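Chain and residue survey
So you can see what is in the structure, the chains are spelled out below.
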Amino acid sequence: MTRPVKAAVYGTGSWGTAFGMVLADAGCEVTLWGRRQELADAVNRTRTNPDYLPGVELPANLRATTDPAEAAHEADFTVLAVPSQTLRGNLAAWAPLLAPDTVLVSLMKGIELGTAKRMSEVVEEVAKVPAERVAVVTGPNLAREIAARQPAASVVACVDEAVAQRLQAACHTPYFRPYTNTDVVGCELGGAVKNVIGLAVGIADGMGLGDNTKGSLITRGLAETTRLGLAMGADPLTFSGLAGLGDLVATCSSPLSRNHTFGTNLGRGMSLEETIAVTRQTAEGVKSCESVADLARRHGVDMPITDTVVDIVHHGKPPLVALKDLMSRSAKPERR
Ligand SMILES: NC(=O)C1=CN([C@@H]2O[C@H](COP(=O)(O)OP(=O)(O)OC[C@H]3O[C@@H](n4cnc5c(N)ncnc54)[C@H](O)[C@@H]3O)[C@@H](O)[C@H]2O)C=CC1
Ligand SMILES: O=C(CO)COP(=O)(O)O
């Protein structure tokens, strides 16, 4: 008799817990790793995650631990759901514990500050595994909606299509429909840059601007994401799919998005410090706007919306001035 597929999920935040629930609903035996004993105990005792997904009933084949070795034991998939900027340090501690042939799965949508590396590159480097054993899950997957088991499509990307298919089978449920993609670079860029564009749209919303502005930012945001992707060898079609347009639309439309909400608060006139103080969860774009701008510079790509977000978030440029500067750049053809 074959044993059920086992998955370890590192990170008991909103997406780690919700994706753990998806895997468990798809029949996997799931162990969540978290830092805090009270939270692990609460998950095991109440079958809920009261801190990150209150009111959501978690399946019986999902449990939590604070012991990283216990989570790693015989895991077919090792899912990583911590903030992008702490991944390198976290994974260095977990790497010696990982099951020998485990597939590492990144749920993270960020670019590392300083190195400008994508999360799968950090995983390969720190865990010393080949690209064929690293996968990425991305797409329009707001954790709260997935946790409510509302229908959504997603992308599982790996350079090895067979590995992507194994992960696809492990997380396919009646409400969660994953598609495979071998364009890992494009999928990761789509996820990381949409957070930056989500900040820009949030800022515009907070300033009281309307849907023409939103439509323009989404479309030109996708154009600059695609330019960067092309320079980095991604397939441009990825950006019109779930990892690109799909995620951008979800993030830029939803009050559930932390990046969108963060931007809205800035656009309403809150300072960066005040906005950080009221933000309880990871808003990746706040740090990744700088690493995306860095990546763009390294590849000689122009990303004016990303640069504008960096100016507003990190250099204190007033949104009104930033918007005026963005609009008055030299005129260009739409496709170039
Ligand atoms: N929440 C969502 O709707 C989605 C989130 N994502 C991505 O998933 C990743 C994780 O996001 P969420 O789970 O939403 O964030 P979250 O803020 O809800 O949870 C983050 C988790 O990481 C832990 N953590 C924080 N600092 C840590 C450290 N130094 N060492 C170890 N653990 C630490 C926290 O305790 C928490 O369990 C992000 O990259 C995000 O962009 C992707 C798709 C959907
Ligand atoms: O990535 C997400 C949805 O796909 C979640 O977006 P936020 O991180 O902005 O909440």
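Throughout this description, residue numbers start from 1 for each chain and increase along the sequence as written. Written order determines the labels here, with chains lettered from A and ligands numbered from 1. Only residues with pLDDT of at least 70 are given local features in this predicted model, and only at 80 or more are side-chain atom pairs given and counted; all residues enter the totals for whole chains, interfaces and linings.

**Looking at helix α7 (residues 161–171)**
To sort residues by burial, count the other C-beta atoms lying within 10 Å of each one's C-beta; a count of 20 or more means buried, 12 or fewer means exposed, and anything in between means partly exposed. C-beta atoms are built from the backbone. For helices the rule is a DSSP run of H or I covering at least 4 residues; for strands it is a run of E covering at least 2, with both sets numbered from the N terminus onward. Listed as buried for α7 are Val163, Ala164, Leu167, Gln168, Ala170 and Cys171. For α7, the angular spread of the buried residues around the axis is 165 degrees, confining them to a single face. Regarding the arc, it is the one traced by the directions from the helix axis to the C-beta atoms.

**A closer look at the site of ligand 2**
Around ligand 2, a shell composed of 14 residues is seen, among which Asn141, Leu142, Ser257, Arg258 and Asn259 lie nearest. Those elements that provide at least two residues to the shell around ligand 2 are α8 (184–206), α10 (242–253) and α11 (258–267). Here the shell around ligand 2 spans two domains, since at least three of its residues come from each of domain 1 (6–182) and domain 2 (185–327). The C-beta atom of each residue is placed using the backbone, and any residue whose C-beta lies within 6 Å of a molecule or strand is treated as near it. The domain boundaries here were taken from an automatic or database domain assignment.

**Comments concerning the site of ligand 1**
With respect to spatial proximity, 25 residues lie near ligand 1, and among them Gly13, Trp15, Met108, Ala143 and Gln281 are the closest. Of all the elements, helix α1 (residues 14–25) adds the most residues to the shell around ligand 1, at three residues. Classification convention: Asp, Glu, Lys, Arg as charged; Ala, Val, Leu, Ile, Met, Phe, Trp, Tyr, Cys, Pro as nonpolar; all other residues, Gly among them, as polar. When grouped by side-chain class, the residues that make up the shell around ligand 1 number nine nonpolar, 13 polar and three charged. Residue contributions to the shell around ligand 1 reach at least three from each of two domains, namely domain 1 (6–182) and domain 2 (185–327).

**Quick notes on α8**
The end-to-end C-alpha separation of α8 is 33 Å, in line with the 33 Å expected for 23 residues at 1.5 Å each. Where α8 ends, the next residue or the one after it, glycine 208, has phi of about 85 degrees, a positive value. Expected helix span is taken as 1.5 Å per residue step, with the number of steps being one fewer than the number of residues.

**Quick notes on the UniProt feature "binding site: sn-glycerol 3-phosphate" (unreviewed entry) in the protein chain**
Taking the numbering used here, the UniProt-annotated feature "binding site: sn-glycerol 3-phosphate" (unreviewed entry) corresponds to Lys109, Gly139, Lys194, Asp247, Ser257, Arg258 and Asn259. Along the chain, the position of glycine 139 falls in the loop between β6 (134–138) and α6 (143–147). The exposure class of arginine 258 is buried, given the 24 C-beta atoms found within 10 Å. UniProt positions are given in the numbering used here, feature names are shortened, and annotations may be inferred rather than shown by experiment.

**Considering the environment of threonine 12**
Tracing the backbone shows threonine 12 in the loop between β1 (6–10) and α1. On the basis of neighbour counts, which here come to 26 C-beta atoms within 10 Å, the residue threonine 12 falls in the buried class. Counting along the chain gives 52 residues from threonine 12 to alanine 64, while the straight-line C-alpha distance between them is 8.3 Å. Residues contacting threonine 12, with those up to four places away along its chain left out, are Thr17, Leu32, Gly34, Leu39, Val43, Asn49, Tyr52 and Ala64. Distance between backbone-placed C-beta atoms decides contact: two residues are in contact if it is within 7 Å.

**Considering the nonpolar core**
Within the largest apolar cluster, 102 residues are counted, with the highest numbers of intra-cluster contacts made by Val79, Leu80 and Ala135. Sort the elements by how many residues they give to this core and α8 lands first, with 13 residues. Each of two domains, domain 1 (6–182) and domain 2 (185–327), supplies a minimum of three residues to this core. Contact partners of valine 79, with chain neighbours within four places excluded, come to Ala7, Ala8, Val9, Tyr10, Phe19, Val105 and Leu107. By our criterion, buried Ala, Val, Leu, Ile, Met, Phe, Trp, Tyr and Cys residues that link up through C-beta atoms within 7 Å make up a nonpolar core.

**So, the sheet that holds β1**
Pairing between the strands of a sheet comes from backbone hydrogen bonds, and it takes one of two forms, parallel or antiparallel. Two strands make a pair as long as DSSP finds a minimum of two bridges between them. In spatial order, the strands read β3-β2-β1-β4-β5-β6-β7-β8; together these eight strands make up an open sheet with mixed pairing. Strands with a single pairing partner mark the edges of an open sheet, and in this sheet they are β3 (62–65) and β8 (176–181). For this sheet, the mean angle separating the axes of adjacent strands, direction not counted, is 25 degrees. Pairing of strand β7 (residues 152–157) with β8, which is carried by six bridges, proceeds in the parallel orientation. Looking at β8, one finds that alanine 153 is bridged to arginine 177. Lines fitted to the C-alpha atoms define the axes, with helices restricted to the stretch that makes contact. Angles between their N-to-C directions range from 0 to 180 degrees. α1 contacts β1, β2 (29–33), β3, β4 (77–80), β6 and β8 of the sheet and is inclined by roughly 170 degrees relative to β2. In the packing of α7 onto the sheet, the strands contacted are β1, β4, β5 (103–106), β6, β7 and β8, and the crossing angle to β8 comes to about 180 degrees.

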